[in-house]
Amino acid sequence: MPGHLAIIMDGNGRWARQKNLPRSEGHNQGTKTARAIVEESRRLGIPHLTLYAFSKENWARPKEEVSFLFSLLSRFLQKELQSLIKQDIRLNILGEPGDLPLATRKVLEHACTKTKTNKSMTLNLALNYSGRCEIIRACRLIVQKGLDPDRITEEGFKDFLYTAGQPDPDLIIRTSGELRISNYLLYQCAYSELYFTKTLWPDFTPQELWRALEDYAHRQRRLGRVEPA
Ligand code: FPP
């Protein structure tokens, strides 16, 4: 089982288009998938799950879609908060929530506070997130702290990332057939196993999650070392 599973939830728009529905319907359905996958990951004992909910690049979408996504996220968190608490899941944000609408920020802050001592799983939502920005932010923090350049190490650098204290993702899943990393966890993904499926996010089921985990379980992770004889 991966210690950290990260997912790029892609294909909501195409799912809706295939069904002649508005894109918002794809996002609605995508939220249901997110709920099911969080629950299943928790049930399987995956300690860290990261979902790519909104990238910095996503601001370029039509204004109505962006505001729909934030209101959907707020409603989702309000609706799911009790369930997160019951499942002992800690909610954590990766990214810059400061730029989000105030109402969404409040819901996020409330949910993070209410779940901050939960232990069974950390659910990271990457929100207004960019991997490159995360690395630059880490460099700024290091400079501000006045760290001795000779003492900056690969491991130590991680303390300045949003994921400080968490393991790197062992497995990254991307749905919808796109074969890209799209600025996701760029520092942390150095040795991640990648799993791509053509399934669109709204159609991604717990069964398909098992398939990905099964595939991952058969991978030989050499982490740059030579294959044993
Ligand atoms: C990709 O579909 C999905 C997103 C832009 C992220 C939003 C995710 C959700 C609404 C799922 C719910 C998540 C949470 C945490 C409540 P797309 O619009 O890029 O699809 P397309 O590439 O087919 O247009």
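For the structure, see preceding data.
In this text the structure is predicted, and so the values were computed from the model without any measurement.

Visitor: I'd like a rundown of the sheet that holds strand S5 (residues 171–174), residues and numbers included.
Guide: An order of S3-S4-S2-S1-S5-S6 is seen for the 6 strands of this open sheet, with the pairing classed as parallel. The strands lining the two open edges of the sheet, one partner per strand, are strand S3 (89–95) and strand S6 (193–196). Taken over all neighbouring pairs, the strand axes of this sheet differ in orientation by 20° on average, direction set aside. One ladder, built from 4 bridges, connects S5 with S6; its direction is parallel. The partner of Ile173 across the bridge, within S6, is Tyr195.

Visitor: Run through the nonpolar core, naming residues and quoting values.
Guide: With 38 residues, the main nonpolar core has Leu5, Ile7, Leu49, Leu51, Leu123, Leu127 and Ile173 as its most contacted residues. In terms of residue count, the dominant contributor to this core is helix H3 (residues 63–86) (8 residues).

Visitor: Tell me about the environment of Arg90, residues and numbers included.
Guide: Turning to its location among the elements, Arg90 is positioned in strand S3. We classify Arg90 as partly exposed; its relative accessible area is 24%. Taking the C-alpha atoms as reference points, Arg90 and Leu123, 33 residues apart in sequence, are found 6.0 Å from one another. Once residues within four sequence positions are removed from consideration, Arg90 is found in contact with Thr115, Lys116, Asn118, Met121, Thr122, Leu123 and Gln166.

Visitor: Could you give an account of the layout of surface pockets, with specific residues and numbers?
Guide: Roughly 740 Å³ of volume is contained in the largest pocket. For the largest pocket, the lining is made up of 35 residues, of which Met9, Asn12, Tyr52, Ala53 and Asn58 are closest to its centre. Secondary-structure elements contributing two or more residues to the lining of the largest pocket are helix H1 (12–18), helix H2 (23–44), strand S2 (48–55), H3 and strand S4 (121–129). Tallying contributions element by element places H2 first for the lining of the largest pocket, with 6 residues. Residues that form the lining of the largest pocket fall into these classes: 17 nonpolar, 10 polar and 8 charged. Space inside the second largest pocket adds up to approximately 160 Å³. Forming the walls of the second largest pocket are Asn28, Thr31, Lys32, Arg35, Leu72, Arg75, Phe76, Lys79 and Glu80. The set of elements that each furnish at least two residues to the lining of the second largest pocket consists of H2 and H3. Sorting elements by how many residues they give to the lining of the second largest pocket places H3 first, with 5 residues. A breakdown of the residues in the lining of the second largest pocket according to their chemical character gives 2 nonpolar, 2 polar and 5 charged.

Scoring rules and cut-offs
Residues numbered from 1 in each chain as written. Predicted model: local features only at pLDDT ≥ 70, side-chain atom pairs only at ≥ 80, totals over all residues. Heavy atoms only, no water. Pairing = 2+ DSSP bridges. Helix = DSSP H or I, 4+ residues; strand = E, 2+ residues; numbered from the N terminus. Axes fitted to C-alpha atoms, helices over the stretch in contact; angles between N-to-C directions. Core = buried A, V, L, I, M, F, W, Y, C linked by side-chain atoms within 4.5 Å. Buried < 20%, exposed > 50% of the residue type's maximum accessible area, 1.4 Å probe, protein only. Contact = heavy atoms within 4.5 Å. 1 Å grid on protein atoms, 1.4 Å probe; cavity = no way out; pocket = protein on both sides within 12 Å on 5 of 7 lines; lining within 4 Å. Points joined across faces, edges and corners; volume = space filled by probe spheres on them. Nonpolar A, V, L, I, M, F, W, Y, C, P; charged D, E, K, R; others polar.

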